[in-house]
Amino acid sequence: MQLFPLIDGYLYQVAAALLYPVMFGVAFLSVYVVWLVGLFLADAVRRRNGESPPVSRYRAALAQELSVKGDHLDARLERLLQSHELVLVKALDRVRFVIKVGPSLGLMATLIPMGIALGALAQGDIPKMAGSMVTAFTATVVGLGAGTIAYLVALGKEKWVRADLREMEFATELALRGNADRGGA
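In this text, all values refer to a predicted model and were calculated from it rather than measured experimentally. (Residues numbered from 1 in each chain as written. Predicted model: local features only at pLDDT ≥ 70, side-chain atom pairs only at ≥ 80, totals over all residues. Heavy atoms only, no water.)

Caption draft 1: Just the overall build of the chain, in detail. Helix and strand content of the chain: four helices and zero strands. The order of helices and strands in the chain, counted from the N terminus, is α-α-α-α. Oriented by its inertia axes, the alpha-carbon framework of the chain measures out at about 85 × 45 × 20 Å. The buried share among the 185 residues of the chain stands at 33%. Long-range pairs, those at least 24 residues apart, make up 77% of the contacts in the chain between residues at least 6 apart in sequence. Put simply, the chain shows about 11,900 Å² of open surface, and 66% of that area lies on carbon and sulfur atoms. (Helix = DSSP H or I, 4+ residues; strand = E, 2+ residues; numbered from the N terminus. Buried < 20%, exposed > 50% of the residue type's maximum accessible area, 1.4 Å probe, protein only. Contact = heavy atoms within 4.5 Å. Areas by Shrake-Rupley, 256 points an atom, 1.4 Å probe, with all protein chains shown as cover.)

Structural data, given as structure tokens:
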């Protein structure tokens, strides 16, 4: 009994079983990217009007932390700043996820149907082969498109995150200096 046909058959079954989950993933990413673009455009409008929701939330949390009496204000404010920075980075990670996973899923959604198409071609089933090839190429376009759009969104969001962090750090420094001027810890 030869091992290669068993492994080959097993891998074919695994790849075929992955077809629908991968296609679902590509479809989900296409919808998710539309949602990301909507959030990005809404944020752009707010920022054009001089608003930055992350900075506003941070300033409110900073004011609350300053109202709490206690020692080690500098350490508490550093922890507050880092926790808000983490929130901003996590939001960027969701976009970066699409940048990396979109093309990968698109490629998988290309190669799996192409394997099916080659099997159909070997059996002389041209309509099945053509259908698999259409599926393969449209999935590639959607996966690459999702990754490209997410990349463009990430470029804008990264600039905003840097600007927001700069403003948060500035507000923290002013709060610490103001506290020191008043004779605080």
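Caption draft 2: Region of interest: the side chain of T172. Assignment of secondary structure puts T172 in helix α4 (residues 126-181). Judged by its relative accessible area of 7%, T172 falls in the buried class. Beyond its immediate stretch of four places on either side in the chain, T172 contacts Y58, L62, L77 and L81.

Caption draft 3: Examining the packing of aromatic side chains more closely. The full count for this structure, using the stated rule, is three aromatic pairs. Measuring from centroid to centroid gives 4.8 Å for F40 and W160, while their planes differ by 20°, and the two rings are stacked. Linking F40 in helix α1 (residues 3-48) with W160 in helix α4, this pair joins segments that are 120 residues apart in sequence. (Phe/Tyr/Trp six-rings, centres within 6.5 Å; stacked < 30°, edge-to-face > 60°.)

Caption draft 4: Structural detail: the pattern of salt bridges. Counting across every chain of the model gives eight salt bridges. For the salt bridge of R59 with E167, the shortest nitrogen-to-oxygen distance reads 3.5 Å. Within this pair, whereas R59 is found in helix α2 (residues 53-67), its partner E167 is found in helix α4, the two being separated by 108 residues in sequence. Residues E173 and R177 are paired through a salt bridge, measuring 3.2 Å at the closest nitrogen-oxygen approach. Of the two residues, E173 and R177 are both situated in helix α4; the distance of four residues between them amounts to about one turn of the helix. Put simply, D43, R46, R47 and D164 are held in one network by salt bridges that share partners. (Salt bridge = Lys/Arg side-chain N within 4 Å of Asp/Glu carboxyl O.)

Caption draft 5: The arrangement of the packing of α2 against helix α3 (residues 73-122) in detail. One way to put it is that α2 packs onto α3 with a least axis distance of 11 Å and a crossing angle of 155°. Classified by the interaxial angle, the pair formed by α2 and α3 is roughly antiparallel. Between α2 and α3 the crossing geometry is right-handed. Seen from α2, the contacting residues are P54, R57, Y58, A61, L62, E65 and L66; seen from α3, they are L73, R76, L77, L80, L81, H84 and L88. (Axes fitted to C-alpha atoms, helices over the stretch in contact; angles between N-to-C directions. Parallel < 35°, antiparallel > 145°, perpendicular 65-115°, else oblique. Left-handed = near helix turned anticlockwise from the far one by under 90°.)

Caption draft 6: Spatial organisation of unusual backbone geometry. Of note in the backbone geometry, H72 takes a positive phi value of approximately 60° without being a glycine. Secondary-structure assignment places H72 in the loop between α2 and α3. Accessibility expressed as a relative area gives 57% for H72, which makes it exposed.

Caption draft 7: Molecular detail of the environment of V68. In this fold, V68 is placed in the loop between α2 and α3. For V68 and G145, which are 77 residues apart along the polypeptide, the C-alpha to C-alpha distance reads 49 Å.

Caption draft 8: View of a nonpolar patch on the surface. Taken together, L3, L6, I7, Y10, L11, V14, L18 and M108 make up a surface patch of nonpolar side chains, about 730 Å² in accessible area. Per element, the largest residue contribution to the nonpolar patch is seven residues, and it comes from α1. Turning to its location among the elements, I7 is positioned in helix α1. (Patch = residues over 30% accessible without salt bridge, like charges linked within 9 Å, V, L, I, M, F, W, Y side chains within 5 Å.)

Caption draft 9: A look at the environment of I149. Structurally, the position occupied by I149 is in helix α4. Judged by relative accessible area, I149 falls into the partly exposed class, the value being 37%. Taking C-alpha positions, I149 is 9.2 Å from L36, a pair spaced 113 residues apart along the chain. Apart from the residues lying within four places of it in its own chain, the contact partners of I149 are V33 and V37.

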